[in-house]
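The chain contents come next:
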Amino acid sequence: MTLPVMANDHTVISTDNIDWGMLNPARGDASPKAADLWGDRTKDVATGMLVKFQKGFSSPPHIHNITYRGIVIEGLMHNDDPSADNMWMPSGSFWIQPAGENHITSANAQDNLIYLEIDSGPYLVKSADQAFDNGERPINISENNLFWLNVDDATWLKSGNAQISYLWGKPDAANGSFVKLPAGFKGSIESQNPLKAVVVKGSATYQWDNQKALTALTPSSFFSSDAQGKHVINAKSEVVLYVKSTGQFSVK
């Protein structure tokens, strides 16, 4: 196991250094496993966490007290109204679950892993009889329905082979996107704003700015920065990142 790098200006956590616990300890072994990558899901703060589901997992109808965003990293996930037909979303899919909306979550592969993100907490599960309408509507986007932009379409891209798919927010404010880097990519993601990224697919090596230390990136790895700098990436295979930023960033 390697130690995570956590400095004042940046953080990087490799897959083998994720600290797993239970999403709902009261359910014992029936609970999905969970790990906070940033924030604290038990407090009133923004948080990003990983959640593992066993094959065949299906929750009872329930609601959450807050809206969350979900990214499928591994497996097949379904998240929808209890009466909806199963829509199995593969790795690279995205959904938004509004606060108060009654729904179920199911998993259908041998290994199932998602990244779950909230803008405030704590993250709570409540019974369906407490459902309410907060005005938002759920969104489910399967990986094969994403729309990708290249360097000719998006000013954020300076590298001719990188692609971006906008998911939520506004470019000059809080936003979330998928960034796709081709195998052999050698470049950087640069930002003057706080930025967080989770590896959804692929493998690469990572360096912060001009530091010499290398970290292996594989699915569920995480890196972030609070200050201006370069996230230097050398992609061994095609890499897909989920990037959350408070403003514009560039891929060079």
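Residues numbered from 1 in each chain as written. Predicted model: local features only at pLDDT ≥ 70, side-chain atom pairs only at ≥ 80, totals over all residues. Heavy atoms only, no water.

Trainee: Hey, could you run me through the nonpolar core in this one?
Mentor: The tendency in soluble globular proteins is for nonpolar side chains to be buried as a group. Membership of the largest hydrophobic core comes to 26 residues, with the highest contact counts inside it found for I164, L181, F223, I233, L241, F249 and V251. Elements that contribute at least two residues to this core include exactly strand 15 (175-181), strand 17 (195-201), strand 18 (204-208), strand 21 (229-235), strand 22 (239-245) and strand 23 (249-251). The residues touching L181, leaving out its near neighbours within four places in the chain, are A162, I233, S237, E238, V239, L241 and V251. (Core = buried A, V, L, I, M, F, W, Y, C linked by side-chain atoms within 4.5 Å. Buried < 20%, exposed > 50% of the residue type's maximum accessible area, 1.4 Å probe, protein only. Helix = DSSP H or I, 4+ residues; strand = E, 2+ residues; numbered from the N terminus. Contact = heavy atoms within 4.5 Å.)

Trainee: Would you mind showing me how to read the layout of surface pockets here?
Mentor: Unoccupied space between atoms shows up once a probe the size of one water molecule is rolled over them. In this structure, the largest pocket spans a volume of roughly 470 Å³. Lining the largest pocket are 27 residues, and of these L23, N24, H64, Y123 and V125 lie nearest its centre. Contributions of two or more residues to the lining of the largest pocket are made by strand 5 (47-54), strand 6 (62-64), strand 11 (111-118) and strand 12 (125-127). In terms of residue count, strand 12 provides more of the lining of the largest pocket than any other element does, 3 residues in total. Considered class by class, the residues forming the lining of the largest pocket number 17 nonpolar, 7 polar and 3 charged. If you add up the space inside the second largest pocket, you get close to 280 Å³. Taken together, 15 residues form the lining of the second largest pocket, with K33, K52, F53, Q54 and N112 sitting closest to its centre. Mapped by element, the contributors of at least two residues to the lining of the second largest pocket are strand 5 and strand 11. When grouped by side-chain class, the residues that make up the lining of the second largest pocket number 6 nonpolar, 4 polar and 5 charged. (1 Å grid on protein atoms, 1.4 Å probe; cavity = no way out; pocket = protein on both sides within 12 Å on 5 of 7 lines; lining within 4 Å. Points joined across faces, edges and corners; volume = space filled by probe spheres on them. Nonpolar A, V, L, I, M, F, W, Y, C, P; charged D, E, K, R; others polar.)

Trainee: Which parts of the structure should I look at to understand the sheet that holds strand 19 (residues 215-217)?
Mentor: In a beta sheet, neighbouring strands pair by backbone hydrogen bonds and run either parallel or antiparallel. One open sheet accounts for 5 strands, arranged 19-18-21-16-23; its pairing is antiparallel. Both outer strands of the open sheet, strand 19 and strand 23, are each paired with one neighbouring strand and no more. Strand-to-strand twist across the sheet, computed as the mean angle between neighbouring axes with direction ignored, equals 25°. Two strands pair when backbone bridges link them, and strand 18 and strand 21 are joined in this way by 5 bridges, in the antiparallel orientation. Across the sheet, T205 pairs through a bridge with N234, a residue of strand 21. (Pairing = 2+ DSSP bridges. Axes fitted to C-alpha atoms, helices over the stretch in contact; angles between N-to-C directions.)

Trainee: I would appreciate a short explanation of unusual backbone geometry in the present structure.
Mentor: Of all residues except glycine, most have a negative phi; of all peptide bonds, most are trans. The amide bond that connects G121 to the next residue, P122, takes the cis arrangement and shows omega of 0°. With respect to the secondary-structure elements, P122 resides in the loop between strand 11 and strand 12. Even without being glycine, S220 reaches a positive phi, approximately 90°. The topology assignment puts S220 in the loop between strand 19 and strand 20 (222-225).

Trainee: Help me understand the sheet that holds strand 4 (residues 33-38) in this model?
Mentor: Strand order across the open sheet formed by 7 strands is 3-4-5-11-7-9-13, with antiparallel pairing between neighbours. Strand pairing shows two members of the sheet lacking a second neighbour, strand 3 (21-22) and strand 13 (139-141), which therefore form its edges. In the sheet, strand 7 (residues 68-74) pairs with strand 11 via 6 bridges, with the strands oriented antiparallel. Across the sheet, the residue bridging to I71 is Y115, located in strand 11.

Trainee: I keep staring at the pairing of strand 21 and nothing clicks. Help me out?
Mentor: Side-chain direction in a regular strand flips from residue to residue, so the side chains alternate between the two faces of the sheet. Side-chain alternation along strand 21 places G229, H231, I233 and A235 on a buried face and K230, V232 and N234 on a face that remains uncovered. In this sheet, strand 21 lies alongside strand 16 (residues 186-191) in antiparallel orientation, the contact comprising 6 bridges. Each bridged residue has a counterpart across the sheet, and for E190 the counterpart in strand 21 is K230.

Trainee: I would appreciate a short explanation of the pairing of strand 9 (residues 94-97) in the present structure.
Mentor: Going residue by residue along strand 9, you find F94 and I96 tucked away on one face and W95 and Q97 tucked away on the opposite face as well. The pairing of strand 7 with strand 9 spans 4 bridges and is antiparallel. Opposite I71, over in strand 9, you have F94 as the bridge partner. Relative to strand 13, strand 9 is paired through 3 bridges, and the arrangement is antiparallel. Note on strand 13: the bridge partner recorded for I96 is I139.

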